[in-house]
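Take a look at the letters that make up each chain.
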Amino acid sequence: MLNTALLIGIGVVCLIMTVLALIFGVISLANNKPAKFLWLTVFLTSLVGLIVCIFIVVRKAVHAVEDFAENTAEQFDTYADSLAGHLKTSSIERHEINPSSPQIKILKSYLPANILNNEPEAFYTYAGFKDYYRYPLRYPFSIHCMYSTTGGELYNEVNVTRFDENDNGEMYSGISNISKIAFDKNFLLIEQEVSSTRTDKIINHYILFNFETEKKEEAPSLSKLLQLAKEKGYGGPDSLITLEQYHSLF
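What counts, and at which threshold
- Residues numbered from 1 in each chain as written.
- Predicted model: local features only at pLDDT ≥ 70, side-chain atom pairs only at ≥ 80, totals over all residues.
- Heavy atoms only, no water.
- Buried < 20%, exposed > 50% of the residue type's maximum accessible area, 1.4 Å probe, protein only.
- Helix = DSSP H or I, 4+ residues; strand = E, 2+ residues; numbered from the N terminus.
- Pairing = 2+ DSSP bridges.
- Salt bridge = Lys/Arg side-chain N within 4 Å of Asp/Glu carboxyl O.
- Core = buried A, V, L, I, M, F, W, Y, C linked by side-chain atoms within 4.5 Å.
- Contact = heavy atoms within 4.5 Å.
- Arc of directions from axis to C-beta.
- Polar contact = N/O pair within 3.5 Å; in protein donor to acceptor, adjacent residues only side chain to side chain.

*Asks:* If you had to explain the pairing of strand β3 (residues 132-136) to someone new, which residues and values would you point to?
*Replies:* Of all five residues in β3, four are buried, a share of seventy percent or more. Alignment of strand β2 (residues 126-129) against β3, held across two bridges, turns out to be antiparallel. Its bridge partner lying in β3, G128 is registered against Y133. Adjacent in sequence and paired antiparallel, β2 and β3 are bridged by two residues, among which K130 carries a positive phi angle near 55°. Where β3 lies against strand β4 (residues 141-146), five bridges are found, and the strand directions are antiparallel. Within β4, the position partnered with Y133 by the bridge is C145.

*Asks:* Describe in detail the pattern of salt bridges, supporting the description with residues and values.
*Replies:* Following the criterion strictly, the structure yields seven salt bridges and no others. E165 serves as the salt-bridge partner of R162, at 3.7 Å between the closest nitrogen and oxygen. Residues K230 and D238 are paired through a salt bridge, measuring 3.0 Å at the closest nitrogen-oxygen approach. Several salt bridges converge on common partners, so that one network encompasses R162, D164 and E165.

*Asks:* Provide a residue-level description of the nonpolar core, including the pertinent values.
*Replies:* Core analysis: the largest hydrophobic core is formed by 30 residues, its most contacted members being L154, I181 and L188. In this structure L188 touches L137, L154, I181, A182, F183, I207, L208, F209 and F211, once residues within four positions along its chain are discounted. With twelve residues, the next largest nonpolar core counts F187, L225, L226 and L240 among its residues.

*Asks:* So what's going on with helix α3 (residues 102-109)? Residues and values would help.
*Replies:* Of the residues making up α3, those classed as buried are Q103, I104 and L107. In a view along the axis of α3, the buried residues occupy a sector of 100°, so they form one face of it. Structural note: α3 exposes P102, K105 and S109 on the side pointing more than 90 degrees away from its buried face. Each element contacted by the buried residues of α3 is listed here: α4 (122-125), β3, β7 (178-183) and α6 (243-247). Backbone nitrogen of Q103 and a side-chain oxygen of the N-cap are separated by 3.1 Å at the start of α3; the cap is S101.

By themselves, these figures tell us nothing about what the structure is for.
This is the structure we're talking about:
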């Protein structure tokens, strides 16, 4: 920066000297004075100095533009590589469900005829992203987990059209800490793992959830939960599975 400023300063001086030498040289030449050769020498010297300064400054400017263009291209390439890596990572971190999964066919078979094919297909295929996990059940219900695949919460997603957005119309059912499930077309059997307020032990709670009415009933044990469910017409599995095991069915 200092060299360029110095060159510009010298160039300005050379320009002034060139103009002055030209003026006084013409005057001396017109009056045929001996100083005309001196002014001619000053004129030529100043002109050469001015041309040299202009050449050097222009060359520096061209190099600066070339360096800027090269750095910009490198930064763009770096950004492009970073973006490509991010997109690649995003595709890896997205939890996918096979659209042709047999489990999806089972879930669709649980729906009444007036609902089937009216629900968004993404309800069955979107399983979350990074540390957010989503497990579709019978439409419009699903279980959501944050930071781990346990401690799920039950949501009603009848108003949801975009499942990959936050605050998208989902409605919390009031049931959380879900660790294991079993269900058929009418009922969801839930085991909750709740931390005791008095000890470090985990306490298991059992809930029967009705998909149609969204009502829930508590049971004191797993056996009582199964008994209650069967009394109401439940025909699903007798054993509950973890959310990870459920996800593996897709």
